[in-house]
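The chain contents come next:
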Amino acid sequence: MSKGKLIVFSAPSGSGKTTIVRHLLLKEELNLEFSISATSRAKRGEEVDSKDYYFLDVQEFKNKIKHDEFLEWEEVYRDNFYGTLKAEVERIWAKGKHVIFDIDVSGGLRIKRKFPEQTLSIFVKPPSIDELKIRLKKRKTETDDKINMRIAKASAELATAPLFDKVVLNEHLENALIESYDLVSNFIKE
Ligand code: 5GP
C-alpha cells in the first residue's frame, strides 16, 4: 500500500465520536492509526506529548503554518491553535496504515476537500440536542457555562451533517459501533 486512506470522524462534543474511534483502533484487521494533532494550548492533566498531541508553543506553531507544514489548522480560541501536520499523515502511511482522525467539523471537512477520493468522512449525530445536554451534564467535567457554549456550537455543527459522506446516528452505542465498523471496513477494501 503506497498511499493509505483517511478516515475522519467529526461530531459535536458529547456525540460519542471518541468512543467510536477508540473502538475501531482496537480492531487490528482495520489497520488504523490515530492521527496525533499539533496544538499550542497548554498540556492538561495526564496528557503526554507526542501521544495525545504534539505540544508546540505559539511561535513554533506559526512557523509551521508559514512553512506550509499543515494539512489543515485552526485557531480555536485566541492563541490556541490546533492542526494536522502533513508529516503525521506521511508517518502513518509510511507504516502501511490508514489514518483515523477524531477532529472537529471544520477540520474534518477540510481534509475531505484536500483528499476527496482517499477520505471517508463520517459525522456522528447525537439523537437530539436535549440528549446531548444530558450526556454533557453526566460527564461532570465542565461548568454549566461551558456546557451551554458547547450546546450552542453543537447546533451549528449539526447543520453541517449533510456535507459528510456518511452520518452515523449514535442513539444506541452498540449499533453505532457496528455501523461505523462496517462503513470503515468496506471503504478500506475499495
Ligand atoms: P481540546 O482542547 O479539548 O483537546 O480540543 C479542542 C477542540 O480542538 C476540539 O473541538 C477538537 O476536536 C479540536 N481539534 C483537535 N485537534 C484538531 C486538529 O488537528 N485540527 C482541528 N481543526 N481541530 C482540532
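This write-up is about the structure you can find in this document. Predicted model only: the values in this text are computed from it and were never measured.

Turning our attention to the overall build of the protein chain. When its secondary structure is counted, the protein chain shows seven helices and nine strands. The C-alpha radius of gyration of the protein chain comes to 16 Å, within 12% of the 16 Å expected for a compact globule of 190 residues. The buried share among the 190 residues of the protein chain stands at 43%. For the protein chain, the computed accessible surface area is about 10500 Å², with 51% contributed by carbon and sulfur atoms. Both charge centroids of the protein chain, one from 33 positive and one from 32 negative side chains, sit 1 Å from each other.

For the rest of this paragraph, the subject is the packing of aromatic side chains. Going through the model one piece at a time under the given rule, you end up with seven aromatic pairs. Taking the centre distance of 4.5 Å and the plane angle of 20° together, the rings of F61 and F70 count as stacked. An identical accessibility class is assigned to F61 and F70; each is buried. Ring centres of W93 and F115 lie 5.9 Å apart, and the angle between their planes is 90°; on these two criteria the pair is classed as edge-to-face. With W93 in helix α3 (residues 86–94) and F115 in the loop between α4 (105–114) and β8 (119–125), this residue pair connects regions lying 22 residues apart in the sequence. Aromatic rings pair up to connect F61, F70, W73 and F81 into one cluster. Between the NZ or CZ atom of K5 and the centre of the ring of F187, over which it lies, the distance is 4.7 Å.

The next thing to look at is the site of the ligand. Around the ligand, the structure places S37, R41, R44, Y53, E72, E74, Y82, G83, T84, I103, D104 and G107. At a separation of 2.5 Å, an oxygen atom of the ligand approaches a polar side-chain atom of Y53. Protein coverage of the free-state accessible area of the ligand, which is 510 Å², stands at 85%. Residue assignment for the shell around the ligand shows that the elements contributing at least two residues are β5 (70–77) and β6 (80–85). Take the shell around the ligand: its biggest share by element is three residues, from β6. In the shell around the ligand, the residues fall into three nonpolar, four polar and five charged.

Reading the values: the criteria
Within each chain, residues carry numbers counting from 1 in the order of the written sequence. pLDDT decides what is reported in this predicted model: residues at 70 or higher carry local features, side-chain atom pairs at 80 or more are listed and counted, and totals for whole chains, interfaces and linings draw on all residues regardless. Each side-chain value is derived from all of the structure's non-hydrogen atoms; neither hydrogens nor water enter the calculation. In this text, helices come from DSSP runs of H or I with a minimum length of four residues, and strands from runs of E with a minimum of two, each type numbered from the N-terminal end. For this measure, only C-alpha atoms enter the radius of gyration; the expected value for a globule follows 2.2 Å times N^0.38, where N is the number of residues. Each residue is placed in one exposure class: buried if its accessible area under a 1.4 Å probe, protein chains only, is under 20% of its type's maximum, exposed if it is over 50%, and partly exposed if it falls in between. A 1.4 Å probe and the Shrake-Rupley method give the accessible areas. Residues count as covered only by the protein chains that appear here. Counting rule for charge: Lys and Arg are taken as positive, Asp and Glu as negative, and neither His nor the chain ends is counted. The location of each charge is read from NZ of Lys, CZ of Arg, CG of Asp or CD of Glu. The pairing test for Phe, Tyr and Trp rings, Trp by its six-membered ring, is centres within 6.5 Å, and the orientation test on the planes gives stacked under 30 degrees, edge-to-face over 60, and tilted for anything in between. Definition used: whenever NZ (Lys) or CZ (Arg) falls within 6 Å of the ring centre and also within 35 degrees of the ring normal, the charge is taken to sit over that ring. If even one non-hydrogen atom of a residue comes within 4 Å of a molecule or strand, that residue is called near it. N or O atoms within 3.5 Å of each other form a polar contact, as long as, within protein, one can give a hydrogen and the other can take it, and as long as residues adjacent in sequence are counted only when both atoms are side-chain atoms. Each residue receives one of three labels: charged for Asp, Glu, Lys and Arg, nonpolar for Ala, Val, Leu, Ile, Met, Phe, Trp, Tyr, Cys and Pro, and polar for the others, Gly being one of them.

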